[in-house]
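These are the residues of each chain, in order.
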Amino acid sequence: MSIVNKIKPLIVKALQDIYGQQFQETDLTINLTKPEFEGDYTLVLFSFVKQLKKSPEQLGNEIGEYLIKNNPDLFSSFNVIKGFLNLVVTNNYWINFLQTSYTNKELGYQPANKHKVIVEYSSPNTNKPLHLGHLRNNFLGWSVAEILKTTGHTVYKTAIMNDRGIHICKSMVTWQLFGEDKTPESEGIKGDHFVGDYYVLFGQEHKKQAELLIADGMSKEEAEKNTPIMLAAQKMLLDWENGDPEVKALWQKMNGWVYEGFNETYKKIGSDFDKNYFESETYLLGKEFVEDGLKKGVFYKKEDGSVWIDLTADGLDEKIVQRKDGTSVYITQDLGLADKKFEEFKYDQSIYVIADEQNYHMKVLKLILQKLGKPYADGIYHLSYGMVELPSGRMKTREGTVVDADDMIEELKKVAREKTEELGKVKDFNPGELNELYDTIALGALKFFLLRVDPKKRMIFNPEESIDFHGFTGPFVQYTHARIKSILRKEQGTRYKVQEGTSGLLLKEKELIVLLEQYPITIEQALQEHNPSLLAIYAFNVAKTFNTFYTEHSVMNAESEEKKQLRLQMSELTANVIASAMGLMGIKVPERM
RNA sequence: GGCCCGGUAGUUCAAUGGAUAGAAUAGAAGUUUCCUAAACUUUAGAUACAAGUUCGAUUCUUGUCCGGGCUACCA
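Residues numbered from 1 in each chain as written. Chains lettered and ligands numbered in written order. Predicted model: local features only at pLDDT ≥ 70, side-chain atom pairs only at ≥ 80, totals over all residues. Heavy atoms only, no water.

## Details of the overall build of chain A
Moving on, step 1. Helices and strands together make up the secondary structure of chain A, namely 23 helices and 15 strands.
Moving on, step 2. Its C-alpha atoms give chain A principal-axis dimensions of roughly 90 × 65 × 45 Å.
Moving on, step 3. Seen as two clouds, the 73 positive and the 85 negative side-chain charges of chain A have centres 3 Å apart. (Helix = DSSP H or I, 4+ residues; strand = E, 2+ residues; numbered from the N terminus. Lys, Arg positive; Asp, Glu negative; His and termini not counted. Charge placed at Lys NZ, Arg CZ, Asp CG, Glu CD.)

## A look at the pattern of salt bridges
Moving on, step 1. Going through the model one piece at a time under the given rule, you end up with 32 salt bridges.
Moving on, step 2. Between K456 and D454 there is a salt bridge whose closest N-O contact spans 3.7 Å.
Moving on, step 3. Through salt bridges that share partners, K190, D192, K268 and D406 make up one connected network. (Salt bridge = Lys/Arg side-chain N within 4 Å of Asp/Glu carboxyl O.)

## Some words on a negative patch on the surface
Moving on, step 1. On the surface, a cluster of negative charge is contributed by D407, E410, E411, E418 and E421.
Moving on, step 2. By secondary structure assignment, the location of E421 is in helix α16 (residues 405-423). (Patch = residues over 30% accessible without salt bridge, like charges linked within 9 Å, V, L, I, M, F, W, Y side chains within 5 Å. Areas by Shrake-Rupley, 256 points an atom, 1.4 Å probe, with all protein chains shown as cover.)

## Remarks on the side chain of D192
Moving on, step 1. You can see D192 is positioned in helix α8 (residues 191-215).
Moving on, step 2. In terms of polar contacts, D192 uses its side chain to reach the side chain of K190, at 3.1 Å.
Moving on, step 3. Those residues within four positions of D192 in sequence are excluded, and the remaining contacts are K128, P129, L130, W257, V258, G261, F262, T265 and D406. (Polar contact = N/O pair within 3.5 Å; in protein donor to acceptor, adjacent residues only side chain to side chain. Contact = heavy atoms within 4.5 Å.)

## Some remarks on the sheet that holds strand β14 (residues 393-394)
Moving on, step 1. Read from one edge of the open sheet, 3 strands run β14-β13-β15, paired in mixed fashion. At either margin of the open sheet sits one strand with a lone partner, and together these are β14 and β15 (459-460).
Moving on, step 2. The pairing of strand β13 (residues 388-390) with β15 spans 2 bridges and is parallel. Bridging across to β15, E389 finds its partner in I460. (Pairing = 2+ DSSP bridges.)

## Brief notes about the protein's contact with RNA strand B
Moving on, step 1. Taken together, 65 residues are adjacent to RNA strand B, and T29, E279, D304, K425 and Y479 come closest.
Moving on, step 2. For RNA strand B, the backbone makes up 56% of the atoms found within 4 Å of the protein, where backbone means sugar plus phosphate.
Moving on, step 3. T29 is positioned such that a nitrogen or oxygen atom in its side chain is 3.0 Å from a base oxygen of RNA strand B.
Moving on, step 4. Separating a phosphate oxygen of RNA strand B from a backbone N or O atom of I460 is a distance of 2.8 Å.
Moving on, step 5. Of all elements in the fold, only β2 (41-44), α2 (46-52), β4 (84-89), α14 (330-345), α16, β15, α19 (474-490) and α22 (533-552) reach the threshold of two or more residues within the surface near RNA strand B.
Moving on, step 6. In terms of residue count, the dominant contributor to the surface near RNA strand B is α19 (7 residues).
Moving on, step 7. Taken together, the residues of the surface near RNA strand B break down into 25 nonpolar, 16 polar and 24 charged. (Near = heavy atom within 4 Å. Nonpolar A, V, L, I, M, F, W, Y, C, P; charged D, E, K, R; others polar.)

## Topic: the sheet that holds strand β9 (residues 307-310)
Moving on, step 1. As summarised here, the arrangement of the 3 strands in space is β8-β9-β10, forming an open sheet in which the pairing is antiparallel. Of all the strands in the sheet, the pair left with one neighbour each is β8 (299-301) and β10 (318-322). Across the sheet, the axes of successive neighbouring strands diverge by a mean angle of 40°, strand direction being ignored.
Moving on, step 2. Across 4 bridges, β9 lies against β10 in antiparallel orientation. Residue pairing across strands places I309 opposite K319, the latter belonging to β10.
Moving on, step 3. The strands touched by helix α15 (residues 359-371) within the sheet are β8, β9 and β10, with β10 carrying the most contacts at an inclination of about 70°. (Axes fitted to C-alpha atoms, helices over the stretch in contact; angles between N-to-C directions.)

## Some words on the confidence of the model for chain A
Moving on, step 1. Looking at chain A as a whole, the pLDDT averages 93, with 99% of positions reaching at least 70.
Moving on, step 2. In the model output, the complex is listed with pTM 0.96 alongside ipTM 0.96. (pLDDT = per-residue confidence, 0-100.)

## Some thoughts on the environment of I166
Moving on, step 1. Looking at the element boundaries, I166 is found in helix α6 (residues 166-178).
Moving on, step 2. For I166, a relative accessible area of 27% puts it in the partly exposed group.
Moving on, step 3. Sequence spacing of I166 and N5 is 161 residues, and the spatial spacing of their C-alpha atoms is 54 Å.
Moving on, step 4. In this structure I166 touches A233, Q234 and L237, once residues within four positions along its chain are discounted. (Buried < 20%, exposed > 50% of the residue type's maximum accessible area, 1.4 Å probe, protein only.)

## With respect to the environment of G386
Moving on, step 1. Secondary-structure assignment places G386 in the loop between β12 (380-385) and β13.
Moving on, step 2. Judged by relative accessible area, which is 0%, G386 ranks as buried.
Moving on, step 3. Distance in space between the C-alpha atoms of G386 and I354 is 9.1 Å, their sequence separation being 32 residues.
Moving on, step 4. If sequence neighbours within four positions are ignored, G386 has contacts with R136, D356, P455, K456, K457 and R458.

## What to know about the pairing of β2
Across a regular strand the side chains alternate sides, sitting on one face of the sheet and then on the other.
Moving on, step 1. Here β2 shows no split at all, with Y41 and L43 on one side and T42 and V44 on the other all buried.
Moving on, step 2. By the bridge criterion, 3 bridges tie strand β1 (residues 30-32) to β2 in an arrangement that is antiparallel. Paired with L32 across the strands is Y41, a residue of β2.
Moving on, step 3. The pairing of β2 with β4 spans 4 bridges and is classified as antiparallel. Counterpart to L43 in the pairing with β4 is L85.

## Concerning unusual backbone geometry
Moving on, step 1. Even without being glycine, S123 reaches a positive phi, approximately 40°.
Moving on, step 2. For S123, the location among the structural elements is in the loop between β5 (116-120) and α5 (132-150).
Moving on, step 3. Positive phi, normally seen in glycine, also occurs at E180, with a value near 50°.
Moving on, step 4. Along the chain, E180 falls in the loop between α6 and α7 (184-187).
Moving on, step 5. Owing to a relative accessible area of 65%, E180 belongs among the exposed residues under this scheme.

## Structural notes on the packing of aromatic side chains
Moving on, step 1. Applying the stated criterion to the full structure yields 23 aromatic pairs.
Moving on, step 2. Measuring from centroid to centroid gives 5.6 Å for W175 and W257, while their planes differ by 70°, and the two rings are edge-to-face. In this pair, W175 is assigned in helix α6 and W257 in helix α11 (residues 245-269), connecting sequence segments 82 residues apart. By the burial criterion, W175 is buried, and W257 matches it.
Moving on, step 3. Geometrically, the ring pair formed by F448 and F472 is edge-to-face, given 5.4 Å between the ring centres and 85° between the ring planes. Here F448, found in helix α17 (residues 431-451), pairs with F472, found in the loop between α18 (463-466) and α19; they are 24 residues apart in sequence, far enough to count as distant.
Moving on, step 4. Directly above the aromatic system of Y283 lies the positively charged group of R164, at a separation of 4.0 Å from the ring centroid.
Moving on, step 5. The lysine or arginine in question, K248, covers the ring of W240, its NZ or CZ lying 3.9 Å from the ring centre. (Phe/Tyr/Trp six-rings, centres within 6.5 Å; stacked < 30°, edge-to-face > 60°. Lys NZ or Arg CZ within 6 Å of the ring centre and 35° of its normal.)

Written out as structure tokens, the structure reads:
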């Protein structure tokens with residue numbers, strides 16, 4: 001257990017014993033002590049002043065003395081400054097922690113519990129290749145799943161392939177018209193890109209045709225609905241729904257191309273799924289929900305036959321759940337899919353990794369399921385993340401302003417290669433090892449970049465500035481790891497126990513150990529908040545702190561053999577923690593770079 | 001119009017109501033006989049505006065201004 005979690009009950013007990021008042025651990029504010037003061041952890045005293053009717057100084061002194069008297073193994077001294085009680089933790093505690101942890105590669109892991117969690121992420125449309133926004137989604141979903149696993153949950157990863165609908169038909173119809181039987185193979189283009197090109201071409205063609213109609217006197221709105229190519233796409237959608245064998249065959253062929261491309265990209269970025277759902281197979285689900293809802297009086301039917309739910313009492317709007325022609329809408333499909341997923345996985349929690357533009361939709365989804373009394377409704381959690389934007393604004397496929405995922409990775413690999421060759425530190429690597437290293441660095445940079453920001457916030461991606469391997473980046477952390485490994489390779493002799501107490505801790509040594517000790521609570525916090533950026537920030541701080549420590553104090557040429565042992569242990573623990581934290585984000589760390 | 005987010009150094013991001021608002025990058029100045037300089041050190045620079053609650057507000061409340069999203073019998 002981490003030190004903060006040990007301190008809290010001790011203070012609660014102190015308050016009880018000294019003042020006879022009961023406080024909760026959540027009433028306490030405990031922070032890391034600011035570096036300019038003496039101490040490791042600080043209790044903020046102001047909040048007790050009113051209730052205990054004593055000055056902060058008096059409170060601080062009384063609590064401090066009590067803690068030291070009763071826990072001499074944990075606290076060595078204290079001081080009170082203004083309303084802050086600064087506690088100094090004993091060197092023994094830190095040295096003990098180090099010695100019991102430095103070989104533990106599962107630091108922060110929690111034992112298995114009974115909770116089953118399903119994480120739905122990625123969920124692409126099968127009419128165009130993945131872009132930067134998808135990558136944020138993929139990295140986030142994968143990382144959150146990994147954090148859940150580490151903390152003892154049973155996790156299933158799923159995706160829903162949006163493989164049907166008018167957008168798919170747009171690519172199909174355009175390929176039929178202009179494709180000349182070309183294939184990804186014949187053109188040497190990755191399948192998803194190949195299909196995506198026809199989707200873009202549709203947009204161009206549609207625009208051209210609309211302009212002709214407008215020139216003939218049609219209004220803009222009318223024209224956009226009635227271009228020949230748009231009408232063809234709509235007809236194709238109907239044919240698809242009616243099971244037209246030719247259309248279905250074309251659909252299968254083109255989706256097959258896309259999946260081939262997706263699989264290649266997924267493999268490269270390390271996304272994996274326990275189960276894929278396909279909208280083409282689930283879009284008719286949810287019909288029985290309409291019946292059920294009507295029976296329960298949750299839904300109501302309008303005169304024209306359409307079915308609605310009134311959510312105005314919950315501050316939302318009226319929402320349609322079935323069209324007057326009896327076909328279901330998006331939300332109804334999602335109701336059905338939620339049910340299906342529960343049937344198959346019996347989950348306790350179902351996390352949907354979906355962009356924040358769907359906040360309203362997800363709120364409605366959960367609310368409807370709750371109103372229908374579904375037992376799994378409360379376990380639904382929308383992990384809402386902000387969109388990735390360019391300095392010029394939102395990415396738009398039709399305007400060709402998207403940053404393509406595959407292109408981005410290749411670009412980063414190129415920079416990784418150039419930089420590596422320039423530095424010339426791994427000249428003995430064979431081509432296979434080099435390629436692996438470039439992958440590690442490029443994906444490390446990309447994943448770190450997209451995960452280091454709070455998921456809830458939208459982020460701006462500047463293509464020029466973002467390809468940076470310095471500072472708050474993945475490669476910076478990876479580099480620190482490689483340097484530590486280099487030291488450890490040179491000192492493979494047996495480690496031995498450092499004598500407790502006889503070894504004082506220098507400022508920089510202690511700073512690093514205190515930080516390393518916080519790894520488990522950092523994981524816990526990332527879990528609670530569904531927020532991998534905490535791990536990115538933490539890993540960066542560990543690397544930075546190690547670098548500072550390492551420039552000031554030699555490991556191999558330490559002042560004494562005991563110091564050398566201590567620092568070797570610190571180095572090993574740092575490397576393990578970095579590898580672990582990065583691993584939770586799906587980022588590999590190299591032995592050399 | 002209604003509802004929901006957001007506004008912090010030039011830029012990209014931090015900060016459970018707590019001490020002098022932290023980083024990174026760009027800028028300026030330095031560090032290589034010594035464990036990998038993809039590193040390190042020093043320096044300068046910010047809470048949109050106005051009220052309110054509080055011992056204390058970047059954080060909570062209200063208003064104003066500025067961005068973004070949602071508000072389809074599209075998905």
